[in-house]
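Notes for the structure review
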Amino acid sequence: MQVMVSTEKGIVVKIRNFEIPDIRRVMEIEEESLLDGDAGLYLELYEEWPEGFLVAEKEGEVIGFVVVVLTLEGEGRIFALAVDSRHRGRGVGGALLKAAFNLLRKRKIGYVRLEVRVSNQIAQRLYKSRGFMEIGFIPFYYKDGEGAIMMRKVL
Ligand SMILES: CC(C)(COP(=O)(O)OP(=O)(O)OC[C@H]1O[C@@H](n2cnc3c(N)ncnc32)[C@H](O)[C@@H]1OP(=O)(O)O)[C@@H](O)C(=O)NCCC(=O)NCCS
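What you are looking at is a predicted structure, and each value in this text was computed from that prediction instead of being measured. (Residues numbered from 1 in each chain as written. Predicted model: local features only at pLDDT ≥ 70, side-chain atom pairs only at ≥ 80, totals over all residues. Heavy atoms only, no water.)

Our next topic: the sheet that holds strand 3 (residues 53-58). Each strand in a sheet pairs with another by means of backbone hydrogen bonds, the pair being arranged parallel or else antiparallel. Reading across the sheet, the eight strands line up as 1-2-3-4-5-6-8-7 and stay open at both edges, with mixed pairing between neighbours. Edge positions in the sheet fall to strand 1 (2-6) and strand 7 (133-138), since each of these pairs with one other strand and no more. Adjacent strand axes in the sheet meet at a mean angle of 25°, parallel and antiparallel pairs treated alike. In this structure, strand 1 lies alongside strand 2 (residues 12-17), joined through five bridges in antiparallel fashion. From the neighbouring strand, methionine 4 faces strand 2, where its bridge partner is lysine 14. Running over the sheet, helix 3 (residues 92-106) touches strand 1, strand 2, strand 3, strand 4 (61-70), strand 5 (76-83), strand 6 (111-117) and strand 8 (148-154) and is turned about 155° from strand 5. (Pairing = 2+ DSSP bridges. Helix = DSSP H or I, 4+ residues; strand = E, 2+ residues; numbered from the N terminus. Axes fitted to C-alpha atoms, helices over the stretch in contact; angles between N-to-C directions. Contact = heavy atoms within 4.5 Å.)

If you want it as structure tokens, here you go:
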């Protein structure tokens, strides 16, 4: 897939499928975002379901990404979402999430869930404003010992 999106906050980005050479930029963004993944894991998830890995591109540069996986229960799961810190607060994260919802709806998936750090108020606010509800808490979920809030949304 490939779409041009004009965010509500006045930035135009291309949202397209991840391609293997994008991994370098994805890892730069993921490292500055303090997510827990590594390149091997991202490439494995891409191989499992290539359509579930989307990037946002601006002027030829990858500035954000979302990775969606399908769970054994037949739900979607947002595995990772991050935007380059220089481009945050301009609607790119919201646009990537919307593209992920559309992808799942096309496959007739009814729910999407995710885990988010207890301290990550910005992401929690984004998810709540896009219809996610808190459904649980997992202590010591992250490598550094922080707990996760589980959230779920009807698509
Ligand atoms: C979470 C993240 C992806 C949001 O991306 P973004 O492009 O900045 O988000 P958007 O500009 O689309 O903003 C969407 C919502 O996020 C929230 N938000 C964004 N920036 C915010 C800020 N500085 N303060 C508070 N809320 C903020 C708002 O609720 C906003 O909603 P609105 O569109 O109704 O104003 C980005 O902050 C990021 O990469 N963070 C680090 C990685 C991370 O935490 N990922 C989520 C892991 S579960």
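Let's pick the thread back up.
Let us now look at the pairing of strand 2. Between strand 1 and strand 2, which pair antiparallel one after the other, the connecting turn spans five residues, and glycine 10 there sits at a positive phi close to 75°. Relative to strand 3, strand 2 is paired through four bridges, and the arrangement is antiparallel. Paired with asparagine 17 across the strands is leucine 54, a residue of strand 3.

Attention now goes to a negative patch on the surface. Together, Asp38, Glu44, Glu47 and Glu48 make up a negatively charged patch on the protein surface. Relative to the elements of secondary structure, glutamate 47 occurs in helix 2 (residues 39-48). (Patch = residues over 30% accessible without salt bridge, like charges linked within 9 Å, V, L, I, M, F, W, Y side chains within 5 Å. Areas by Shrake-Rupley, 256 points an atom, 1.4 Å probe, with all protein chains shown as cover. Salt bridge = Lys/Arg side-chain N within 4 Å of Asp/Glu carboxyl O. Lys, Arg positive; Asp, Glu negative; His and termini not counted. Charge placed at Lys NZ, Arg CZ, Asp CG, Glu CD.)

What follows is about the pattern of salt bridges. Pairs can form between side chains of opposite charge whenever their charged atoms are close. Scanning the model with the defined rule gives 16 salt bridges in all. Of the charged contacts, one joins arginine 24 and glutamate 28 as a salt bridge, the two residues approaching to 2.8 Å between their closest N and O atoms. Of this pair, arginine 24 and glutamate 28 both sit in helix 1 (residues 23-32), separated by four residues, roughly a single helical turn. Exposure remark for arginine 24: the relative accessible area of 56% places this residue in the exposed category. Put simply, arginine 152 and glutamate 75 hold a salt bridge, and the shortest N to O gap is 2.5 Å. Of this pair, arginine 152 sits in strand 8 while glutamate 75 sits in the loop between strand 4 and strand 5, and the two are 77 residues apart along the sequence. (Buried < 20%, exposed > 50% of the residue type's maximum accessible area, 1.4 Å probe, protein only.)

Remember, this is a structural readout, not a statement about activity or role.
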